[in-house]
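Understanding the architecture of this molecule
Given next are the chains, with one letter for each unit.
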Amino acid sequence: QVQLVESGGGLVQAGGSLRLSCASSGRAFSTSPMAWFRQAPGKEREFVAAINWSASRPIYADSVKERFTISKDNAKNTGYLQMNSLKPEDTAVYYCAARSRLVTATTDQHEYPYWGQGTQVTVSS
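Residues numbered from 1 in each chain as written. Predicted model: local features only at pLDDT ≥ 70, side-chain atom pairs only at ≥ 80, totals over all residues. Heavy atoms only, no water.

1. A word on the nonpolar core
- Core analysis: the biggest nonpolar cluster contains 36 residues, and Leu4, Trp36, Val48, Phe68, Leu81, Met83 and Tyr94 have the highest contact counts within it.
- At the level of elements, β3 (18-24), β4 (34-39), β5 (46-51), β7 (68-73), β8 (78-83), β9 (92-98) and β11 (119-124) are the ones that each hand at least two residues to this core. (Core = buried A, V, L, I, M, F, W, Y, C linked by side-chain atoms within 4.5 Å. Buried < 20%, exposed > 50% of the residue type's maximum accessible area, 1.4 Å probe, protein only. Helix = DSSP H or I, 4+ residues; strand = E, 2+ residues; numbered from the N terminus.)

2. Thoughts on the packing of aromatic side chains
- Under the criterion given, the structure shown has four aromatic pairs.
- Aromatic pair Phe37 and Phe47: ring centres 5.8 Å apart, planes at 70°, arrangement edge-to-face. In this pair, Phe37 sits in strand β4 while Phe47 sits in strand β5, placing the two residues ten residues apart along the sequence.
- Note on Phe47: relative accessible area 14%, which makes it buried.
- Here Tyr95 and Trp115 contribute two aromatic rings whose centre-to-centre distance is 6.4 Å and whose plane-to-plane angle is 75°, an arrangement assigned as edge-to-face. Of the two residues, Tyr95 sits in strand β9 while Trp115 sits in strand β10 (residues 114-115), which places them 20 residues apart along the sequence.
- Under the relative-accessibility criterion, Trp115 is labelled partly exposed at 24%.
- Here the aromatic cluster, defined as three or more aromatic residues joined through ring pairs, consists of Phe37, Phe47, Tyr95, Tyr112 and Trp115.
- The lysine or arginine in question, Arg19, covers the ring of Tyr80, its NZ or CZ lying 3.9 Å from the ring centre.
- Arg45 extends its terminal NZ or CZ atom over the ring of Trp115, reaching a point 3.9 Å from the ring centre. (Phe/Tyr/Trp six-rings, centres within 6.5 Å; stacked < 30°, edge-to-face > 60°. Lys NZ or Arg CZ within 6 Å of the ring centre and 35° of its normal.)

3. So, unusual backbone geometry
- Despite not being glycine, Asn77 shows a phi value in the positive range, around 55°.
- By secondary structure assignment, the location of Asn77 is in the loop between β7 and β8.
- Owing to a relative accessible area of 16%, Asn77 belongs among the buried residues under this scheme.

4. So, the environment of Thr107
- In this structure, Thr107 sits in the loop between β9 and β10.
- Separated by 83 residues in sequence, Thr107 and Ser24 have C-alpha atoms that sit 20 Å apart.
- Residues contacting Thr107, with those up to four places away along its chain left out, are Phe37, Phe47 and Ile59. (Contact = heavy atoms within 4.5 Å.)

Keep in mind these values describe shape, not function.
Right, here's the structure in full:
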């Protein structure tokens, strides 16, 4: 079982940066791929970034490439999303998610059985 808790959201001006964290209480997180998704008001939840269980081969949505960086510290059972050059359109609730052990990361939210409660990111113009 993988339990996830996000933190690090907040209010930031356009062009600013935030670092989201996703902490897991279970040892299985170290062998699980993880991803970040986001949901803006009135919109469907969308893929942001994903990374394999070994913290390799990151995948990014086109809208965040070159601005966001996903990482994973297996020793700390924690994943991160570094967000730079934030834009108002990045405003959303951000969720971290994890897959089962030793499978590959994907962009499909339906492949992720474990989810955090979400953290709000608001970017003002």
